[in-house]
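Summary of structural features
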Amino acid sequence: MPPPSAVASADPDLAAAPARPQRRARRTTLVLGLIGCLVLLILVMLLSIAIGSKQIPLSTVIDALRHYNESNTDHVIVRSLRVPRTLIGLMVGAALGLSGALMQGVTRNPLADPGILGVNGGAALFVVGGIYWFGLSTLTAYVWLAFAGAAAASVAVYFLGSLGREGATPVKLALAGAALTAMLGSLTTALLIGDVDTFDQFRFWSVGSFAGRGSDVAAQVAPFILVGVVLSLFCGRVLNAMSLGDDVAKSLGQRVGLARLFVAVVVVLLCGAATAAAGPIGFIGLTIPHVARLVTGPDYRWILPYSMLLAPILLLGSDVIGRVVALPGELQVGVVTAILGAPFFIILVRRRKLADL
Amino acid sequence: MTAEAVQVIARARAARQTRSLVVTVVLAVVVFATFCVSLSLGDFKIPVIDVVKTLFGGGDHATEFIVNTLRLPRALTGLLVGTALGLSGAIFQSVARNPLASPDIIGVTYGASAFAVFAIVTLSLTGVAVSAFAIAGAVLTAFLMYVLAWRHGVSSYRLILIGIGIGAIATSITSYLLTKARVEIAQQALIWLTGSLNGRDWSNVRSLAITFVVLLPFMVFLVHQLRILQLGDETAYGLGLRVEVSRLGLIVIAVLLAAVATAAAGPIGFVAFVAPPIARRLTRSPGPAMIASGLLGALVVALSDLVAQHAFGDMQLPVGVVTGVVGAPYLMFLLARANRVGSGG
């Protein structure tokens, strides 16, 4: 909520909105910005392939991509470790950014992150349960467990939130999600406290990392994320209508309940797959949409693509830095993302006039 | 306004006030009953009647020792911690005008946790030292949050976002420290992070009680202004409230309450989040139902500790494991029911 003075001196863009040329100029700026983000993203991806704990000359890296030679260790490192890892970073980032924007749009709450539907809580409980009862310890097993947990939890949250005659209102969804997350968190901790070995494995999953994820994990989650990305890019118009409030959205001909269900399904696809691949990474889904909103204003048709590109830039960039700063070991991407991203986020929040939800 | 309309409004208001009062009294009775039951259970069971007698100074020597020396500090710590968390959550949620805002989510407790885990894992400290670190962490986080959010005044929205940012840093530091530590020490840190009342003594009760006594007058004074603040900054300015001063005062109180509670028992999760909305729905109060929130916080912690101590045989769980399971289903039930009767929300 801006102070009164800010209302008086409102955004000049907004005041001149009806003027056509201005609007077109704004659109051009936004498209250029999007292209800029894309270029930056490609750069970061190349960095992520070129840089790692083992120093490999750039020419060898390019060689590995163009003329793969199985007997060359450096080639194997690039092809079977760095490329899948980069792809996973790209997918997880895009998925988290998009699902965060979707979630904030559908609940109209700046505090909603994709985890608020219970995705992270459910995934964590299932992974811990898998370790505790079945002694599972492979990443590929975690992926399916996490995905199943995420889906189960979000179905439960959606069901709880939509009980009663008004259906799933934003506040009820948010509260039901937070409440169920609380419950699942309790159960998870109960299992962890009783068993040191489970805790020992879980703490490395729960910090959020790309380490050791190979092409098998990438292949497991890719279909879900691709479908989710495509579907989510259709949600912009719907979210714009819903951001005016349920009543206005209805009077504009929007089928609010159906739209909300659709968005929720997309969020589960995206965030579930992302959590499955990399563990719960909280910060990105929560903050990237706010950064995008600072650039684009409140139009979700722009917020969504910007979130989709900005999130993997931050995620992959953090991953590269995490690999370099703590040689010979590495810092988990979840840690670096927050430590790098949060100060930047705070500066942005301080600098710019906030686009309220 | 016609006289008739005035009468209708007055009647509705009176009905609501009666409801608030009844709910508060019932809650107080239930809290006291839970308190007595928790004092009566243990290795040596004491009938609840004797517990009540002992509390009012009429018990024999043995029960007095067991109740007053062994069990009372823990139970009282639980009550005070719960009350503090409930009040702190109610203030945060009203100031931020967001049902998801609570010291857990805004980052104050995350700051406390990061400092405490640092003390446990890296400096190998225990006990009071860890509590001191926790308080320092909470206060520092809140201070940073407020200073960074200040720009011609603090808007609630900016405060929340900055809180999230700082909270994210603190959380990732915590998980990083947990992965670096030896697993036994990490486990010990996990118990602290869950929130536990095991082995609490009179020193904890004393520090909590002093905090309450000091803060109470300010709370009474400022909570009144909270109702105006809730109408939004512009309206509050218009009504002549000094918005920044009141908000700062309320945040300081909420942070201190959360900090002291966290120092005493660890960051017991979800109490601050879950108590205020339940209180609001029970009292049907339009504003923050402060007293009911405090009582509900106490009730959630007391009930959870009862379950954690006695429901699993010999295994004593930390109370924080249970709070989520005790509070959450009830909130969900209320959410579902409130809407069926038609009051949205």
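Residues numbered from 1 in each chain as written. Chains lettered and ligands numbered in written order. Predicted model: local features only at pLDDT ≥ 70, side-chain atom pairs only at ≥ 80, totals over all residues.

1. Here's the deal with the overall build of chain A
Within chain A one finds 16 helices and 0 strands. Looking at chain A as a whole, 51% of its 357 residues qualify as buried. Pairs at least 24 apart in sequence give 76% of the contacts found in chain A among residues at least 6 apart. (Helix = DSSP H or I, 4+ residues; strand = E, 2+ residues; numbered from the N terminus. Buried ≥ 20, exposed ≤ 12 C-beta atoms within 10 Å, placed from the backbone. Contact = placed C-beta atoms within 7 Å.)

2. Some remarks on the overall build of chain B
Of the regular secondary structure elements, chain B holds 14 helices and 0 strands. For chain B, the N- to C-terminal ordering of α and β elements is α-α-α-α-α-α-α-α-α-α-α-α-α-α. For the C-alpha atoms alone, the extent of chain B along its principal axes is close to 65 × 50 × 40 Å. Out of the 345 residues in chain B, the part that is buried amounts to 53%.

3. Remarks on the nonpolar core
Core analysis: the biggest nonpolar cluster contains 225 residues, and Ala95(A), Ala179(A), Ala273(A) and Val274(B) have the highest contact counts within it. Look past the residues within four positions of Ala179(A) in its chain and what remains in contact with it is Val274(B), Ala328(B), Leu331(B) and Met332(B). (Core = buried A, V, L, I, M, F, W, Y, C linked by C-beta atoms within 7 Å.)

4. Describing the confidence of the model for chain B
Caution applies to low-pLDDT parts of the model: their predicted coordinates are not meant to be read in detail. Counting all residues, the mean pLDDT for chain B is 83, and 96% of those residues have values of 70 or more. Predicted confidence in chain B is weakest over helix H4 (residues 103-106) of chain B, with a mean pLDDT of 72, and strongest over helix H13 (residues 290-310) of chain B, with 90. (pLDDT = per-residue confidence, 0-100.)

5. Notes on the UniProt feature "transmembrane region" (unreviewed entry) in chain B
According to UniProt, the "transmembrane region" (unreviewed entry) feature falls on residues 21-41, 75-93, 114-147, 159-178, 208-228, 248-275, 287-311 and 317-336 of chain B. Between the first and last C-alpha atoms of residues 159-178 of chain B the distance is 28 Å; the span itself is 100% helix and 0% strand. (UniProt positions renumbered as here; feature names shortened; annotations may be inferred.)

6. Brief notes about the packing of helix H6 (residues 119-134) of chain A against helix H7 (residues 139-161) of chain A
Residue and element names in this part refer to chain A. Viewed as axis vectors pointing N to C, H6 and H7 meet at an angle of 135°, and their least axial separation amounts to 7 Å. With respect to H7, the element H6 is oriented oblique. Between H6 and H7 the crossing geometry is right-handed. Residues Val-119, Gly-121, Gly-122, Ala-123, Leu-125, Phe-126, Val-127 and Gly-130 of H6 pack against Ala-141, Tyr-142, Leu-145, Ala-146, Ala-148, Gly-149, Ala-150, Ala-152, Ala-153 and Ser-154 of H7. Here the residues of the contact of H6 with H7 are counted per class, giving 13 nonpolar, 5 polar and no charged. (Axes fitted to C-alpha atoms, helices over the stretch in contact; angles between N-to-C directions. Parallel < 35°, antiparallel > 145°, perpendicular 65-115°, else oblique. Left-handed = near helix turned anticlockwise from the far one by under 90°. Nonpolar A, V, L, I, M, F, W, Y, C, P; charged D, E, K, R; others polar.)

7. Focus on the packing of helix H6 (residues 128-149) of chain B against helix H7 (residues 156-180) of chain B
Residue and element names in this part refer to chain B. Look at H6 against H7: their axes get within 9 Å of each other, and the N-to-C directions meet at 135°. Taken as axis vectors, H6 and H7 run oblique relative to one another. As for the relative orientation of H6 and H7, their crossing is right-handed in sense. Of H7, the residues touching H6 (which contributes Thr-141, Leu-144, Met-145, Leu-148 and Ala-149) are Arg-158, Leu-159, Ile-162, Gly-163, Ile-166 and Ala-170. Residues that form the contact of H6 with H7 fall into these classes: 8 nonpolar, 2 polar and 1 charged.

8. Comments concerning the interface of chain B and chain A
Many analyses report the size of an interface as the accessible area lost when the parts associate. Taken together, the contacts link 60 residues of chain B with 52 residues of chain A. Mapped onto the side of chain B that touches chain A, the elements with two or more residues apiece are H7, helix H8 (183-194), helix H10 (233-238), helix H12 (271-283) and helix H14 (319-340) of chain B. Here the side of chain B that touches chain A takes 17 residues from H7(B), the largest share from any one element. In the side of chain B that touches chain A, the residues fall into 35 nonpolar, 20 polar and 5 charged.

9. Some remarks on H6(A)
Residue and element names in this part refer to chain A. Between its terminal C-alpha atoms H6 stretches 22 Å, which fits the 22 Å expected from 16 residues at 1.5 Å a residue. Among the 16 residues in H6, 12 count as buried, and that is most of the element. Along H6, the positions that sit buried rather than exposed are Val-119, Asn-120, Gly-121, Gly-122, Ala-123, Ala-124, Leu-125, Phe-126, Val-127, Val-128, Gly-130 and Ile-131. In the segment just after H6, Gly-135 is the residue with positive phi, at about 65°. (Expected span 1.5 Å × (residues − 1).)

10. Some points on unusual backbone geometry
The general pattern is negative phi for most residues beyond glycine and trans for most peptide bonds. Positive phi values are uncommon outside glycine, yet Ser124(B) reaches one of about 50°. Along the polypeptide, Ser124(B) turns up in the loop between helix H5 (108-122) and H6.

11. Side note on the environment of Ile288(A)
Residue and element names in this part refer to chain A. Looking at the element boundaries, Ile-288 is found in helix H14 (residues 283-296). Separated by 212 residues in the primary sequence, Ile-288 and Val-76 have C-alpha atoms spaced 34 Å apart. Not counting the four nearest positions on each side in its chain, Ile-288 is found in contact with Gly-97, Gly-100, Ser-307, Leu-310, Ala-311 and Leu-314.

12. Re the environment of Val155(A)
Structurally, Val155(A) is set in helix H7. The class for Val155(A) is partly exposed, based on 16 C-beta atoms found within 10 Å.

13. Some words on the environment of Ile42(A)
All names here are of chain A. With respect to the secondary-structure elements, Ile-42 resides in helix H3 (residues 20-50). The class for Ile-42 is exposed, based on 11 C-beta atoms found within 10 Å. Along the backbone, Ile-42 and Thr-181 are 139 residues apart, and their C-alpha atoms lie at a distance of 36 Å.

14. Examining the confidence of the model for chain A
Residues and elements named next belong to chain A. For chain A, per-residue confidence averages 80 on the pLDDT scale, and residues scoring 70 or more make up 90% of the total. Mean pLDDT per element in chain A: helix H1 (residues 4-8) is the minimum at 41, and helix H15 (residues 300-325) is the maximum at 90. Below a pLDDT of 50 lies the segment residues 1-17, which in the model reaches 21 contacts outside its immediate sequence neighbourhood of four places, other chains included.

15. Here's the deal with H13(B)
With 21 residues, H13(B) should cover 30 Å at 1.5 Å per step; its first-to-last C-alpha distance of 30 Å lies within 8% of that length. Most of H13(B) is tucked away, with 18 of its 21 residues classed as buried.

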